[in-house]
Amino acid sequence: MSFFSYKQRNNINLIIIIALGMLIAYSLQGIFGSILATLVMYTVLRPGYVYLAEKRGWNRSVAAILMIFISVVVIVLPFYALSSMVIEKIAELNNNVGYFKKVLDKVKHLVPVNSTVQNFIEDGLRKAGTWVTGLFPSLITGAFNIILGLLIMYFLLYFMLIERERFEAALIKYAPMREQNALLFGQEMRNTTYANVVGQGFIALVQGSLVSLAFYVLGYKDPLFWGVVTTFISFVPVLGPPVIFVPAALLQMANGNNFAAWAMLIFGFVVVINIDNVLRFIIAKRVGNIHPIITVIGVIIGIPLFGILGLVFGPLLLSYFILLVRIYETSTLASDRLEKIKTIGDENQL
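Residues numbered from 1 in each chain as written. Predicted model: local features only at pLDDT ≥ 70, side-chain atom pairs only at ≥ 80, totals over all residues. Heavy atoms only, no water.

### Some words on the overall build of the protein
Turning to step 1, where the next piece is worked out: If you tally the helices and strands in the protein, you get 13 helices and zero strands.
Turning to step 2, where the next piece is worked out: Its helices and strands taken in sequence order, the protein reads α-α-α-α-α-α-α-α-α-α-α-α-α from the N to the C terminus.
Turning to step 3, where the next piece is worked out: Considering only intrachain contacts with a sequence separation of at least 6, the fraction spanning at least 24 residues in the protein is 71%. (Helix = DSSP H or I, 4+ residues; strand = E, 2+ residues; numbered from the N terminus. Contact = heavy atoms within 4.5 Å.)

### Some points on the confidence of the model for the protein
Regions with low pLDDT carry predicted coordinates that are not meant to be interpreted in detail.
Turning to step 1, where the next piece is worked out: Here the protein averages 75 in pLDDT, and 72% of its residues register 70 or above.
Turning to step 2, where the next piece is worked out: Confidence, expressed as mean pLDDT per element, reaches its minimum in the protein at helix α5 (residues 115–135) with 56 and its maximum at helix α2 (residues 32–55) with 85. (pLDDT = per-residue confidence, 0-100.)

### Overview of a nonpolar patch on the surface
Turning to step 1, where the next piece is worked out: Taken together, the side chains of I12, I16, L20, L23, I24 and L28 make up a nonpolar region of the molecular surface, amounting to roughly 500 Å² of accessible area.
Turning to step 2, where the next piece is worked out: Examined against the element boundaries, L23 turns out to sit in helix α1 (residues 6–27). (Patch = residues over 30% accessible without salt bridge, like charges linked within 9 Å, V, L, I, M, F, W, Y side chains within 5 Å. Areas by Shrake-Rupley, 256 points an atom, 1.4 Å probe, with all protein chains shown as cover. Salt bridge = Lys/Arg side-chain N within 4 Å of Asp/Glu carboxyl O.)

### Overview of the packing of helix α8 (residues 179–217) against helix α9 (residues 223–233)
Turning to step 1, where the next piece is worked out: Contact geometry of α8 with α9 gives a least axis separation of 7 Å together with a crossing angle of 155°. If you check the angle between α8 and α9, you find them roughly antiparallel. Of the two elements, α8 crosses α9, and the hand of that crossing is right-handed. Residues A204, L205, Q207, G208, V211, S212, F215 and Y216 of α8 form the contact with α9, whose own contacting residues are P223, L224, W226, G227, T230 and T231. (Axes fitted to C-alpha atoms, helices over the stretch in contact; angles between N-to-C directions. Parallel < 35°, antiparallel > 145°, perpendicular 65-115°, else oblique. Left-handed = near helix turned anticlockwise from the far one by under 90°.)

### Here's the deal with unusual backbone geometry
Turning to step 1, where the next piece is worked out: Within the chain, D222 stands out as a residue other than glycine whose phi angle is a positive 50°.
Turning to step 2, where the next piece is worked out: Relative to the helices and strands, D222 resides in the loop between α8 and α9.

### Some remarks on α2
Turning to step 1, where the next piece is worked out: Between its first and last C-alpha, α2 extends 33 Å over 24 residues, near the 34 Å set by a 1.5 Å rise per residue.
Turning to step 2, where the next piece is worked out: Backbone geometry just downstream of α2 places G57 in the positive-phi region, at approximately 80°. (Expected span 1.5 Å × (residues − 1).)

### Considering the pattern of salt bridges
Turning to step 1, where the next piece is worked out: One pass over the structure, following the stated rule, counts six salt bridges.
Turning to step 2, where the next piece is worked out: Between E168 and R164 there is a salt bridge whose closest N-O contact spans 3.1 Å. Taken as a pair, E168 and R164 lie in helix α7 (residues 164–174) at a separation of four residues, close to a single helical turn.
Turning to step 3, where the next piece is worked out: According to the relative accessible area criterion, R164 is buried, its value standing at 9%.
Turning to step 4, where the next piece is worked out: Here the salt bridges share partners, and the residues they tie into one network are R46, E54, R60, R164, E165 and E168. (Buried < 20%, exposed > 50% of the residue type's maximum accessible area, 1.4 Å probe, protein only.)

### As for the nonpolar core
Turning to step 1, where the next piece is worked out: If you look at the biggest cluster of nonpolar residues, it comprises 63 residues, and the most contacted ones within it are Y49, L157, F215 and F313.
Turning to step 2, where the next piece is worked out: Look past the residues within four positions of F215 in its chain and what remains in contact with it is Y220, K221, P223, W226, I244, F245, A248 and M264. (Core = buried A, V, L, I, M, F, W, Y, C linked by side-chain atoms within 4.5 Å.)

### Concerning the environment of N257
Turning to step 1, where the next piece is worked out: Structurally, N257 is set in the loop between α10 (242–254) and α11 (258–287).
Turning to step 2, where the next piece is worked out: Judged by relative accessible area, N257 falls into the partly exposed class, the value being 36%.
Turning to step 3, where the next piece is worked out: Taking the C-alpha atoms as reference, N257 lies 9.8 Å from L218; in sequence the two are 39 residues apart.
Turning to step 4, where the next piece is worked out: At 2.8 Å, the side chain of N257 and the side chain of Q252 are in polar contact. (Polar contact = N/O pair within 3.5 Å; in protein donor to acceptor, adjacent residues only side chain to side chain.)

### Overview of α10
Since the α-helix advances by 3.6 residues per turn, residues separated by three or four positions end up pointing in the same direction.
Turning to step 1, where the next piece is worked out: For α10, with 13 residues, the first-to-last C-alpha span of 18 Å sits near the 18 Å given by 1.5 Å per residue.
Turning to step 2, where the next piece is worked out: For α10, the full list of buried residues reads P242, I244, F245, A248, A249, Q252 and M253. Across the axial projection of α10, the buried residues extend over an arc of 160°, all falling on one side.
Turning to step 3, where the next piece is worked out: Positive backbone phi, approximately 90°, marks G256, located one or two places after α10. (Arc of directions from axis to C-beta.)

### Structural notes on the packing of aromatic side chains
Turning to step 1, where the next piece is worked out: Applying the stated rule across the entire model yields six aromatic pairs.
Turning to step 2, where the next piece is worked out: Ring geometry for Y158 and F159: centres 5.1 Å apart, planes at 85°, overall edge-to-face.
Turning to step 3, where the next piece is worked out: The exposure class assigned to F159 is partly exposed, which follows from its relative accessible area of 36%.
Turning to step 4, where the next piece is worked out: An angle of 85° between the planes, with centres 5.2 Å apart, marks the rings of F245 and F269 as edge-to-face. One end of the pair, F245, is in helix α10; the other, F269, is in helix α11, and 24 residues separate them in sequence.
Turning to step 5, where the next piece is worked out: Exposure remark for F269: the relative accessible area of 45% places this residue in the partly exposed category. (Phe/Tyr/Trp six-rings, centres within 6.5 Å; stacked < 30°, edge-to-face > 60°.)

Right, here's the structure in full:
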């Protein structure tokens, strides 16, 4: 005969499960970014996999491998290629000791500053360059971590795709909410992911391309590089693109190229900024929209955790948190209504 009662055994088992779960979560903190990336990639690739494997009747493994290959070619390789370009350019600027001094000497004719402020700004720009460089994953110094993270992500993604029904059924079964709320959460999570990754990614790509095109037409230096930088920064709505094209226009103005300067400012504030609102409105009608405040706060949260990928993962985490709060609030209100109905029924019976 057991020393513990049935209820006590269940409570002890629950405590052990929670303790082991916390230990496992702590052990996996190093690959948390890969796990989150797996969920994002699963959400993005799921429709294509379902179409190939379930509607067209392809072999599940072949369909999963094809979707993974497409994601590597379309997402992973371009991202790391662009990251390497940004790292090399920023390192080049940081190593050029006189670059920032020359730029400030030109700009101070427009905005007079003393030597102390100039040294402060110059030092701040160098530190900002070093900080930005650290955000991007280096293919040389961090090759092992990058490859390991990608292998873990695609290993998990492969089995999540080929066993899609079991994976999604397990999520619904073990979700700490009613089945209808779990399904609602899954649908809202999908829309949120599309809005952040596909929607905001498309907006950032368009804004970066427009800035790059304007730089090229107006004769600015390194249009491709600054277009790539604008694409990354454009994940921060409204605040992003002006960080690039306003200083560039001021520098042109300091060089005496007033036409190129004013043309860039007008094009930037009239077209580049407003294209964000137009595209965001179109995307919102299809997959939903993320409020700019959530995006900005999410970026602040995400960058220290995930580096440059925090531009995407930060807003996603915050959006998922808010979504869970909404689901909890809905469940609580429903429980309160049921409790009131039950109380009224008991009173009527008396």
